[in-house]
Amino acid sequence: MDTRAIGIFDSGVGGLTVLLEIAKALYNEELIYLGDTKNFPYGDKSKENIIKIAKKCVKFFIDKNVKLIVIACGTATTQAIEELRETFNIPIIGIVTPTIEAIKKQTINGEKIGIIATEGTIRSKKWEKELKYNIPNIEIINQACPLLAPMAEQGWIVNNVAKETIKEYMKPFINQNISKLILGCTHYPLFKEIIREELGNDVDIINTGEKMANYLKEYLKEKGLENNMNKRGECSYFLTDIECNFIKVASNILQEPDIKEKIRKINIE
Ligand code: DGL
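Residues numbered from 1 in each chain as written. Predicted model: local features only at pLDDT ≥ 70, side-chain atom pairs only at ≥ 80, totals over all residues. Heavy atoms only, no water.

**Description of the sheet that holds strand S6 (residues 139-144)**
Turning to step 1, where the next piece is worked out: Overall, parallel pairing links the four strands, which are arranged S6-S5-S7-S8 in an open sheet. The strands lining the two open edges of the sheet, one partner per strand, are S6 and strand S8 (204-207). Direction aside, neighbouring strands of the sheet carry axes that sit 20° apart on average.
Turning to step 2, where the next piece is worked out: Summarising the sheet, strand S7 (residues 180-183) and S8 pair through four bridges and their orientation is parallel. Its bridge partner lying in S8, Leu-183 is registered against Asn-207. (Pairing = 2+ DSSP bridges. Helix = DSSP H or I, 4+ residues; strand = E, 2+ residues; numbered from the N terminus. Axes fitted to C-alpha atoms, helices over the stretch in contact; angles between N-to-C directions.)

**So, the pairing of strand S2 (residues 31-35)**
Turning to step 1, where the next piece is worked out: Counting buried positions along S2 gives five out of five residues, so the element sits mostly inside the fold.
Turning to step 2, where the next piece is worked out: Of the two faces of S2, both are covered, the one formed by Leu-31, Tyr-33 and Gly-35 as well as the one formed by Ile-32 and Leu-34.
Turning to step 3, where the next piece is worked out: Pairing analysis gives five bridges linking strand S1 (residues 6-10) to S2, with the strands arranged parallel. When the sheet's bridge partners are listed, Phe-9 is paired in S2 with Leu-34. (Buried < 20%, exposed > 50% of the residue type's maximum accessible area, 1.4 Å probe, protein only.)

**Comments concerning the environment of Gly-114**
Turning to step 1, where the next piece is worked out: Along the chain, Gly-114 turns up in strand S5 (residues 112-117).
Turning to step 2, where the next piece is worked out: Each C-alpha atom, one on Gly-114 and one on Leu-181, is 4.5 Å from the other, the two residues being 67 residues apart in sequence.
Turning to step 3, where the next piece is worked out: When residues no more than four places from it in sequence are discounted, the contact partners of Gly-114 are Ile-141, Phe-173, Ile-178, Lys-180, Leu-181 and Ile-182. (Contact = heavy atoms within 4.5 Å.)

**Thoughts on the sheet that holds S1**
Turning to step 1, where the next piece is worked out: The strand order S4-S3-S1-S2-S9-S10 describes an open sheet built from six strands, whose pairing is parallel. Each having just a single partner strand, strand S4 (92-93) and strand S10 (263-265) make up the two edges of the open sheet.

**Quick look at unusual backbone geometry**
Turning to step 1, where the next piece is worked out: Cis rather than trans, the peptide bond between Phe-40 and Pro-41 has omega equal to -5°.
Turning to step 2, where the next piece is worked out: Within the secondary structure, Pro-41 sits in the loop between S2 and helix H2 (47-63).
Turning to step 3, where the next piece is worked out: Residues other than glycine seldom take positive phi values, yet Asn-65 does so here, at roughly 60°.
Turning to step 4, where the next piece is worked out: Mapped onto the elements of the fold, Asn-65 is located in the loop between H2 and strand S3 (68-71).
Turning to step 5, where the next piece is worked out: The exposure class of Asn-65 is partly exposed, given its relative accessible area of 45%.
Turning to step 6, where the next piece is worked out: We note that Asn-175 has phi near 60°; this positive angle belongs to a residue other than glycine.
Turning to step 7, where the next piece is worked out: Along the chain, Asn-175 falls in the loop between helix H8 (160-170) and S7.

**A look at the packing of aromatic side chains**
Working definition: an aromatic ring pair is given by the centre-to-centre distance plus the angle between the planes.
Turning to step 1, where the next piece is worked out: Going through the model one piece at a time under the given rule, you end up with six aromatic pairs.
Turning to step 2, where the next piece is worked out: Measuring from centroid to centroid gives 5.1 Å for Phe-60 and Phe-61, while their planes differ by 65°, and the two rings are edge-to-face.
Turning to step 3, where the next piece is worked out: Here Phe-61 falls in the buried class, since its relative accessible area comes to 0%.
Turning to step 4, where the next piece is worked out: Here a set of aromatic residues connected by ring pairs shows up, and it is made of Phe-9, Phe-60, Phe-61 and Phe-238. (Phe/Tyr/Trp six-rings, centres within 6.5 Å; stacked < 30°, edge-to-face > 60°.)

**Brief notes about the side chain of Glu-30**
Turning to step 1, where the next piece is worked out: Mapping Glu-30 onto the fold places it in the loop between helix H1 (16-25) and S2.
Turning to step 2, where the next piece is worked out: One polar contact links Glu-30 to Lys-231, side chain to side chain, over a distance of 3.2 Å. (Polar contact = N/O pair within 3.5 Å; in protein donor to acceptor, adjacent residues only side chain to side chain.)

**Some details on the site of the ligand**
Turning to step 1, where the next piece is worked out: The full set close to the ligand counts 14 residues, and Ser-11, Tyr-42, Gly-74, Thr-75 and His-187 are the nearest of them.
Turning to step 2, where the next piece is worked out: Taking Thr-75, its side chain carries an N or O atom lying 2.5 Å from an oxygen atom of the ligand.
Turning to step 3, where the next piece is worked out: Between His-187 and the ligand, the recorded distance is 2.7 Å, taken from a side-chain N or O atom to a nitrogen atom.
Turning to step 4, where the next piece is worked out: A per-class count over the shell around the ligand returns six nonpolar, seven polar and one charged. (Near = heavy atom within 4 Å. Nonpolar A, V, L, I, M, F, W, Y, C, P; charged D, E, K, R; others polar.)

**Topic: the pattern of salt bridges**
Turning to step 1, where the next piece is worked out: Applying the stated rule across the entire model yields 15 salt bridges.
Turning to step 2, where the next piece is worked out: Here Lys-38 makes a salt bridge to Glu-269, at a shortest N to O gap of 3.8 Å. Here the residue Lys-38 occupies a position in the loop between S2 and H2, and Glu-269 occupies one in the segment after S10, the gap between them amounting to 231 residues.
Turning to step 3, where the next piece is worked out: Taking relative accessible area as the criterion, Glu-269 reaches 55% and is therefore assigned exposed.
Turning to step 4, where the next piece is worked out: Linking Lys-104 and Glu-101 is a salt bridge whose minimum nitrogen-to-oxygen distance equals 3.3 Å. Of this pair, Lys-104 and Glu-101 are both found in helix H4 (residues 96-104), three residues apart, which corresponds to roughly one turn of the helix.
Turning to step 5, where the next piece is worked out: In this structure Lys-104 comes out as partly exposed when scored by relative accessible area, which is 31%. (Salt bridge = Lys/Arg side-chain N within 4 Å of Asp/Glu carboxyl O.)

Dropping the structure here:
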C-alpha cells in the first residue's frame, strides 16, 4: 500500500487522454498532472532537447514525492525514457511498453500495423524497432502528423480543418489492409472519431492511454504500490505556462467546467 501520488506529464493537453484512462481504471489513486505548456510542442524538438526538458519534469515530480512517473507523451517516451531511467531512481513508465505488451497478444505474423506520431517519435524509429522485436514478421507503415498536436492544443478537433488534415495524413493507410493503427502521440485520441471515419471499422485504433491504465493497474498490484484508501483519488494540475488554451481545451476533454481553480503555474527551470 502506498498512498503517494502518481505523476503524469506531457507537453500540453495530449496527456489528459492518458490521465482520463488512468483515473477511470485506478479509482483510488492520487494523480498529479504536469502540462509543460511552456515547451510545447515537443514533437519537433531534437532528442537532446527532449531529454533536457523531460529531466526537468521528472525532477518536479521527485520534489512532489510521487511514487511513480507516467510519461504520457510519445515524443518524450521514445526519445528520453532510457536516459531518465539511468538518471533517476524512481519507476518511470512510458507509453510504448504497455501498448506493445497488450497488442502482441492479439497480433499474428504477417499483419500490417500503421503508426502515426510526431516527427520526433517517427524519427526515433522506437515503435517500429520494438514492435518488430516483439512480434516477428509484421509490416509497419509510419506516418508523422506534425500538425495534429498544435491543432489539438487549439481545440480544433472536430472542425473541417481537422477533417481535411486527417484525410491527408491517412492517405498512406488507405487500401493497405492495416489491421491496427497505433496513435503514437497522446494528442491523437482526440481525433479518434475522424480517423475512424477515414479508415473504417475494420482497423483497430489503439489508444495508448487505455493500454497504460491496464498495465499500471497490474504494475502497482505486483509491486505493492496500490493506494487502497476507500475514497476517490484527487487530481491536481500544474502548467509551466498558463497563457495558452490549455484551460479551455482541458475543461472540454475532462468535462470539468471549473478546472481553472485546480490549475497552478509552476516554474521547472
Ligand atoms: N503528446 C505528445 C506526444 O505524445 C507531444 C506532442 C507535442 O508536444 O508535439 O508525442
